[in-house]
Amino acid sequence: MMKFFFLFFSFLLFAQSKITTTTIDKRLAKSNALLIEGHTDEMVALNLSILDDAKHINYAEGKLSAYYNLALAFSMQYKYNRSNYFLKMMEPEFKNSDAEDQEISMNILYSINYRGIKMYDEALKKLKNNLLMANDLKNDSTRYAIKGLILVQIGRNYLEKKQYDSVAYYGKMIIDELKKPKRMDDGMNSSLKAAMLLLAEAKLHENKIDSAEFYIKSAQSVPIKWGNNDFATFKLLGQIHDVRKQYDSAIVDYEKAIKLAKKAKNFRKLSELYGLIARSYEKTGQIDIGNKYELKYTSLSDSLKRIDEENLKDTVGLLVEEKQKPLEHKTNLLLYIILIGIVSTGIVIFVVYTRIKNKDRVLNLREKEAQELNQKLNFAFEEVIRLAKNNDPQFLARFQEVYPDFIPGLLKIEPELQSTELKFCALLFLNFSTKDIAAYTFVQPQSVQTRKNRLRKRLGIPSDEDIYLWMKKIK
């Protein structure tokens, strides 16, 4: 009898804990609800459990979704290194899955992580490539939702770059795109609402207050609930009231936004809101309350700056790794080039002949393009110099965008270089003198010289070679 009871109990236990694709999908739906409410810690715990179960039954779509949800949760917490780790774990699973949109979603999140450390050009490159991929999606609903999401992220990058005409262009493109489907789902409505708020924020920056208010009201009319993540709406309403000198109304809106941002654990927006409400309280004469919020703003901003410095180091490493990926397939690529070269010989001859006939036109066009490129390079160089002189945290990220081969070249020589050392090398590459570096980084000239000597040893720079010329040779 006891033996029978043991067998029955074991069977019952197994039946209760049976893992199926259906149970995993239900738990993934619960994860989406946690995301909307901003419960990222609970979301991480749930998806780690889902991931174990999906691995247990080898459910590829379950693994992909769990990896993505984990990456998304860590990205929302500004832990971009952890986020990128789970995104990389997704890549081998694509060959086992029919989920046509997952790779695009992965690249969108990579772009968000780049934007998080102000690498806007890298983010835009990812997004615009994904836009081409999204056009090939077979499912209409998925295609419209994904394209909307990509366009929102492109607009967000241009907003942070303060290129408001581009924000308007992409924002209106989203609205036009989402007029096409006969029926709107939650994904499409979410993209539409985000586009309206994006346009509202751009108009606010351009001091076009009535237009900003129009887009906010349009966003509020979209039938989608964002839960705790709806703090953006109240933040923008508060800013509009502030511009109109309706400071009490602005404070009410900011308080609502702060409450939601806290629940959503969006500390970057929370920091911004503390600064905004502090200034509104000061304008009403409530200096003491304003000072309390100013202290909160300063404290949180300092914490975020430290996080940004760590994220910069981690994400620069990811960029280097991505740029080295093509080298792994060098042999195959060479073979393809040879085959294509043989087939293309006739085409090349024809093209050369055509170009000779149009030589003057082509030369004029190239000269014009060269002038435009030189103007862009001069502007980029001046911007990098300005950031360096201000000891701005964005300096290294912008330097990497303008001189993309320099940091990867250094890391090939010495992979263990820290972000502070990379920044120092960048200053040498830009020909800053010992005195200048000391002044801009607030250290003594002797300390700068000591760092130069250490770098010589680490990088194997001969003592009789000019360190500045050596840096210029890095490729």
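Residues numbered from 1 in each chain as written. Predicted model: local features only at pLDDT ≥ 70, side-chain atom pairs only at ≥ 80, totals over all residues. Heavy atoms only, no water.

Q: Go over the packing of aromatic side chains, please, and point to the residues and values.
A: With the rule as written, the count across this model stands at 15 aromatic pairs. Taking the centre distance of 5.8 Å and the plane angle of 5 degrees together, the rings of Tyr 281 and Tyr 293 count as stacked. Of this pair, Tyr 281 sits in helix H14 (residues 267–283) while Tyr 293 sits in helix H15 (residues 287–328), placing them 12 residues apart in sequence. The pair Tyr 281 / Tyr 293 is uniform in exposure class, with both members buried. Note on Phe 406 and Phe 429: the rings are 4.8 Å apart at their centroids and 45 degrees apart in plane angle, and the pair reads as tilted. Here Phe 429 lies in helix H20 (residues 419–429) and Phe 406 lies in helix H19 (residues 406–413), a separation of 23 residues in the sequence. The burial state of Phe 406 is the same as that of Phe 429; both residues are buried. Across from the ring centre of Trp 226, 4.9 Å away, lies the NZ or CZ of Lys 193, which sits over that ring. Lying across the ring of Tyr 78, Arg 268 places its NZ or CZ 4.5 Å from the centre. (Phe/Tyr/Trp six-rings, centres within 6.5 Å; stacked < 30°, edge-to-face > 60°. Helix = DSSP H or I, 4+ residues; strand = E, 2+ residues; numbered from the N terminus. Buried < 20%, exposed > 50% of the residue type's maximum accessible area, 1.4 Å probe, protein only. Lys NZ or Arg CZ within 6 Å of the ring centre and 35° of its normal.)

Q: Give me the side chain of Asn 107: which residues, what numbers.
A: Structurally, Asn 107 can be placed in helix H6 (residues 102–116). A relative accessible area of 8% means that Asn 107 is categorised as buried. Ignoring any residue separated from it by four or fewer positions in sequence, one finds Asn 107 in contact with Lys 126 and Asn 130. (Contact = heavy atoms within 4.5 Å.)

Q: So what's going on with the pattern of salt bridges? Residues and values would help.
A: One pass over the full model with this rule turns up 24 salt bridges. With a closest N to O distance of 3.3 Å, Asp 121 and Arg 398 form a salt bridge. With Asp 121 in helix H7 (residues 120–134) and Arg 398 in helix H18 (residues 395–402), this pair connects stretches of sequence that are 277 residues apart. When salt bridges with common partners are traced through the structure, they connect Asp 121, Lys 161, Glu 383, Arg 398 and Glu 401 into a single cluster. (Salt bridge = Lys/Arg side-chain N within 4 Å of Asp/Glu carboxyl O.)

Q: I'd like a rundown of the confidence of the model for the chain, residues and numbers included.
A: On average, the chain scores 81 in pLDDT, and the residues at 70 or more come to 81%. Contacts of residues 1–16 to residues separated by more than four positions or lying in other chains number zero contacts, the stretch itself having pLDDT below 50. Residue range residues 326–346 is modelled with pLDDT below 50. Its contacts to residues more than four positions away, or to other chains, number zero contacts. (pLDDT = per-residue confidence, 0-100.)

Q: Can you explain H20? Please cite residues and give values.
A: Of all 11 residues in H20, nine are buried, a share of seventy percent or more. Within the span of H20, buried status applies to Ser 419, Glu 421, Leu 422, Phe 424, Cys 425, Ala 426, Leu 427, Leu 428 and Phe 429. Positive phi shows up at Asn 431, right after H20, with a value of about 70 degrees.

Q: I'd like a rundown of the packing of helix H4 (residues 60–76) against helix H5 (residues 80–90), residues and numbers included.
A: Between H4 and H5, the shortest axis-to-axis distance is 7 Å and the interhelical angle comes to 165 degrees. One finds that H4 runs roughly antiparallel with respect to H5. Seen along the crossing, H4 lies across H5 with a hand that is left-handed. Across the interface between the two elements, Leu 64, Tyr 67, Tyr 68, Leu 70, Ala 71, Phe 74 and Ser 75 of H4 pack against Tyr 80, Arg 82, Ser 83, Phe 86, Leu 87, Met 89 and Met 90 of H5. The residue inventory of the contact of H4 with H5, partitioned by class, reads 11 nonpolar, two polar and one charged. (Axes fitted to C-alpha atoms, helices over the stretch in contact; angles between N-to-C directions. Parallel < 35°, antiparallel > 145°, perpendicular 65-115°, else oblique. Left-handed = near helix turned anticlockwise from the far one by under 90°. Nonpolar A, V, L, I, M, F, W, Y, C, P; charged D, E, K, R; others polar.)

Q: How would you summarise the packing of helix H12 (residues 231–243) against helix H13 (residues 247–264) if you had to cite specific residues and measurements?
A: Interaxial distance between H12 and H13 falls to 8 Å at its minimum, and their mutual angle equals 160 degrees. With respect to their mutual orientation, H12 and H13 come out roughly antiparallel. Helix-helix and strand crossings are classified by hand; for H12 and H13 the assignment is left-handed. Contact residues: Phe 231, Phe 234, Lys 235, Leu 237, Gly 238, Gln 239, His 241 and Asp 242 in H12; Tyr 247, Ser 249, Ala 250, Asp 253, Tyr 254, Lys 256, Ala 257, Leu 260, Ala 261 and Ala 264 in H13.

Q: Please provide a residue-by-residue account of the nonpolar core, values included.
A: With 45 residues, the main nonpolar core has Ile 104, Ile 150 and Ile 154 as its most contacted residues. Every element with two or more residues in this core is listed here: H6, H7, helix H8 (140–160), helix H9 (164–177), helix H10 (186–205), helix H11 (209–220) and H12. With 11 residues, the single largest contributor to this core is H10. Ile 385, Ile 407, Ile 437 and Leu 459 belong to the second-largest nonpolar core, a separate cluster that totals 33 residues. (Core = buried A, V, L, I, M, F, W, Y, C linked by side-chain atoms within 4.5 Å.)

Q: Tell me what's going on with helix H3 (residues 40–56), and back it up with residues and numbers.
A: In this model H3 runs 24 Å from its N-terminal to its C-terminal C-alpha over 17 residues, within 8% of the 24 Å that 1.5 Å per residue would give. Listed as buried for H3 are Thr 40, Met 43, Val 44, Leu 46, Asn 47, Ile 50, Leu 51, Asp 53 and Ala 54. (Expected span 1.5 Å × (residues − 1).)

Q: Go over unusual backbone geometry with me, naming the residues and quoting the values.
A: Positive phi is not limited to glycine here, since Asn 207 has a value of about 65 degrees. Of note, Asn 207 is situated in the loop between H10 and H11. Given a relative accessible area of 54%, Asn 207 falls into the exposed group. A positive phi is found at Lys 245, a non-glycine position, where the angle reads about 65 degrees. Here Lys 245 is to be found in the loop between H12 and H13.

Q: Break down the environment of Val 44 for me, citing the residues and quoting the values.
A: Structurally, Val 44 is set in helix H3. A residue is classified by how much of its surface remains accessible, and Val 44, at 12% relative accessible area, is buried. C-alpha of Val 44 to C-alpha of Leu 70: the two residues are 26 residues apart in sequence and 5.7 Å apart in space. Look past the residues within four positions of Val 44 in its chain and what remains in contact with it is Leu 70, Ala 73 and Phe 74.

Q: With reference to specific residues and values, describe the environment of Ile 258.
A: Secondary-structure assignment places Ile 258 in helix H13. Residues Ile 258 and Lys 235 lie 23 residues apart in sequence; the distance between their C-alpha atoms is 8.4 Å. If we skip the residues at most four places from it in the chain, Ile 258 touches Leu 270, Leu 273, Tyr 274, Ile 277 and Tyr 293.

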